[in-house]
Amino acid sequence: MEAIARYAVALEVLALALAVFTRRLELLPAAVFPAALLAAFHLAYGREWRVSVSADVEQRTLRVEEPLTLRIEASSNVPGLLLYSALDDRRLVAVEPPTGALYLSGRSSASATALAGLPGRYEPPDLEWAFYPLTLSRPVRGRTPVGEVEVRPYLAKAGLRAAARSLGAPRAPGPLAGPHSAEFLEVREYRPGDPYKLINWKAYARTGALYVNEKLREGHSTLYIVLDAGSHCRADSVGHGASMALSVAHAAVDARLPVGLLVVPDGVSLPPTDSPAGLKLIREALMRLDLKPPRRSPAPPRADTYIYISCRPRPEYIEELCLRARRVVVIEVSPARGPFAEIARLLAERRGRVLCADKLVWSPPLEPPSRALARL
Amino acid sequence: MRSIAASLAAITAILFASGLLEPTPLALLASALSAVGLAALRRSGVLAAAAYMASLALLAASPQPLLAPLAEAAAFLSLYASKLDEFRRRLSMRGYDVSRVEAAFSRAGLVVSLWSAAALAASYALYFIVESLPRMPAAVALALSAISLAAILILSLGGRRRDVGRRF
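Cut-off values and rules
Sequence order sets the numbering: in each chain, residues are counted from 1 along the sequence as written. Think of it this way: whatever chain is written first is A, whatever ligand is written first is 1, and the rest follow in order. Selection of residues for local features in this predicted model requires a pLDDT of at least 70, selection of side-chain atom pairs for listing and counting requires 80 or more, and totals for whole chains, interfaces and linings are taken over all residues. Working definition: helices are DSSP H or I runs of at least four residues, strands are E runs of at least two. Numbering for both runs from the N terminus. Within these notes, the globule rule equals 2.2 Å times the number of residues to the 0.38 power, and the radius of gyration is based on C-alpha atoms. Labels follow a simple rule on C-beta atoms placed from the backbone: if 20 or more others lie within 10 Å of a residue's own, it is buried; if 12 or fewer, it is exposed; otherwise it is partly exposed. Contact between residues is assigned whenever the C-beta positions, reconstructed from backbone atoms, fall within 7 Å. Orientation is described by lines fitted to C-alpha atoms, with helices fitted over the stretch in contact, and by angles between N-to-C directions that extend from 0 to 180 degrees. The cut-offs work like this: below 35 degrees is roughly parallel, past 145 is roughly antiparallel, 65 to 115 is roughly perpendicular, and the gaps in between are oblique. Crossing handedness follows the turn of the near helix against the far one: under a right angle anticlockwise gives a left-handed crossing, and clockwise gives a right-handed one. Note on terminology: a nonpolar core is any set of buried Ala, Val, Leu, Ile, Met, Phe, Trp, Tyr and Cys residues joined through C-beta atoms within 7 Å. DSSP bridges decide pairing: two strands pair if at least two such bridges lie between them. Side-chain classes follow a simple rule in which Ala, Val, Leu, Ile, Met, Phe, Trp, Tyr, Cys and Pro form the nonpolar group, Asp, Glu, Lys and Arg form the charged group, and the remainder, Gly included, forms the polar group.

**Digging into the overall build of chain A**
A count of helices and strands for chain A gives nine helices and 18 strands. Taking 21 Å as the expected radius of gyration for a compact globule of 376 residues, we find that chain A reaches 31 Å, considerably beyond that expectation. Expressed as lengths along the three principal axes of its C-alpha atoms, the size of chain A is roughly 115 × 55 × 35 Å. Of all 376 residues assigned to chain A, the portion counted as buried reaches 48%. Partitioning the contacts of chain A with sequence separation of at least 6, the portion at a separation of at least 24 is 69%.

**Side note on the packing of helix H1 (residues 2–22) of chain A against helix H3 (residues 45–61) of chain B**
Running from amino to carboxyl end, H1 of chain A crosses H3 of chain B at an angle of 20°, the nearest separation of the two axes being 10 Å. Here H1 of chain A is positioned roughly parallel relative to H3 of chain B, judged by the angle of their axes. In the crossing of H1 of chain A with H3 of chain B, the sense of the turn from one axis to the other is right-handed. Where H1 of chain A abuts H3 of chain B, its residues Leu14, Leu18 and Thr22 of chain A lie against Met53, Leu56, Ala57, Ala60 and Ala61 of chain B.

**Notes on unusual backbone geometry**
All names here are of chain A. The residue after Val264, namely Pro265, is reached through a cis peptide bond having omega 0°. Following the sequence through the fold, Pro265 ends up in the loop between strand E13 (259–264) and strand E14 (268–273). Note that the residue after Pro364, namely Pro365, is joined by a cis bond; omega there is -5°. Among the secondary structure elements, Pro365 is positioned in the loop between strand E18 (357–362) and helix H9 (369–374). Located in the positive-phi region is Arg23, a residue other than glycine, with phi close to 50°. Looking at the element boundaries, Arg23 is found in the loop between H1 and helix H2 (28–45).

**Description of the nonpolar core**
The biggest cluster of nonpolar side chains holds 150 residues, and the ones touching the most others in it are Ile225 and Ala245 of chain A. Looking at which element gives the most residues to this core, the answer is helix H4 (residues 68–93) of chain B, with 13 residues. The residues touching Ile225 of chain A, leaving out its near neighbours within four places in the chain, are Ala245, Val248, Ala249, Val259, Leu261, Ile307 and Ile309 of chain A.

**Some remarks on the pairing of E14 of chain A**
With four bridges joining them, E13 of chain A and E14 of chain A adopt antiparallel strand pairing. By the bridge assignment, Val263 of chain A is partnered in E14 of chain A with Val268 of chain A.

**A short note on the environment of Ala9 of chain B**
Inspection of the secondary structure puts Ala9 of chain B in helix H1 (residues 2–21). Sequence separation between Ala9 of chain B and Ala39 of chain B is 30 residues, and the spatial gap between their C-alpha atoms is 9.5 Å.

**Structural notes on the packing of H4 of chain B against helix H5 (residues 98–132) of chain B**
Residues and elements named next belong to chain B. Packing of H4 against H5 leaves a shortest axis separation of 10 Å and a crossing angle of 160°. Considered as vectors, H4 and H5 are oriented roughly antiparallel to each other. Viewed along their axes, H4 and H5 form a crossing whose handedness is right-handed. Each of Pro69, Ala73, Phe76, Leu77, Tyr80, Ala81, Leu84, Arg88, Leu91 and Ser92 in H4 lies in contact with H5, whose residues at this interface are Val98, Val101, Phe105, Ala108, Gly109, Val112, Ser113, Ser116, Leu120 and Ser123. Grouping the constituent residues of the contact of H4 with H5 by class yields 14 nonpolar, five polar and one charged.

**Examining the sheet that holds strand E9 (residues 149–152) of chain A**
Residue and element names in this part refer to chain A. A sheet is described by the order of its strands in space; here three strands give the open sequence E2-E9-E6, paired in mixed fashion. Edge positions in the sheet fall to strand E2 (61–63) and strand E6 (120–122), since each of these pairs with one other strand and no more. When the angles between neighbouring strand axes are averaged without regard to direction, this sheet yields 20°. Relative to E9, E6 runs antiparallel, the two sharing three bridges. From the neighbouring strand, Gly120 faces E9, where its bridge partner is Val151.

Okay, here's the thing in structure tokens:
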């Protein structure tokens, strides 16, 4: 109220001085106006203020690139301005400024939207708000929790088989697929080429059909996906990269090609597998990504093929990969949004050779992941 | 801000029209000053308020002193617009969504304009009541003014301090 009172006193003093100087009754309204104005403000704000703000996420489980909408409901018993900051999180992709303002008188509502970026289960930061009365004096502040959301990588299914075959011919399980580790995955039907020592004889006795105890495979005759989740990448780059990694892994498992995962610079590594249970482990690992500061990335175990997915592939790391594999494919994830997205996509080098590796640039969400998979 | 600018434009138009209807040097000067205030609003609210205050002083001395409260209300709205503008500038520097801030501030300005209009109406109503009373001496008007000043001081000094948080 201080500023408003200062203005009123200044005007009142001037009006009174003029009234005394001119001695005119017509100046009575001029003398009364500041007091009446101040009385109006006092009537509005003389009572205790009650401000309540609630935040509700419309959809708590969503996939990468889907919009996360926060509905903000606010109410107060006095008029004023509500300033808020919502969904200001580096794991999300901002499509509008995270801060906004709302005129509040009684009940009002607003919404804030961001795109789901990094996969995982996490709680976006609290909704921070400040309510200013129309006197623009001291605000009332508060925080409202938003709650947990779950962002999942999407799975591109179109053209998966063709893509998987293009990676390399799937080989029959055997010594070439690498040794079996002691880590149990699942019981699955016997396939020709499975070692006899893995046959589950108890299951055979019960059902009459041959089953094997599937275990994780190690070795170098495999496909490894190297996913860059460094903090130099934007959340949507990593999110789309994780989705591409999941799609490639799905394609490989579908084609019975052992596939492993290495997340850099985190160092999370999953040994190669060609089983659905192994694919599940990969999916779970992709749900636990965190944007870590870039540092020297660990080299993955030896493999036939590496698929290096990054927002900014590093040449020295590509060189390192080339020394350990017969073939390296680099996917540069370069999300393109906004009015100039199509131009940016056209200007980007679509496919080329970097050192010893095949490189292709993928611009989601402009280009569907299935098309990028088909280009592999 | 747009609503405050519209209110000031309306007040300026009234002052200008009255100046043209009864052309005296003081009234014409006052209306010209109010036009200057309106033009200066975009640049500086304080400058606009100063112009409207000068217009108020001229109107008080002119043959149309009843129009003086209009200039007074315009001065108040200019000062309020200046404060809103400063606040808006700070918010835009902090990355706030300018369109949403502008919309919210426009609503706030509209409400304050309406409150000013109500206060103006109340003060005019009081004047006409006082004038309609028989044999009202001029001293009563001054007494009422003194009472209103006391009311201002009581209201402004008696306000409770609520939230003592840091500024946003």
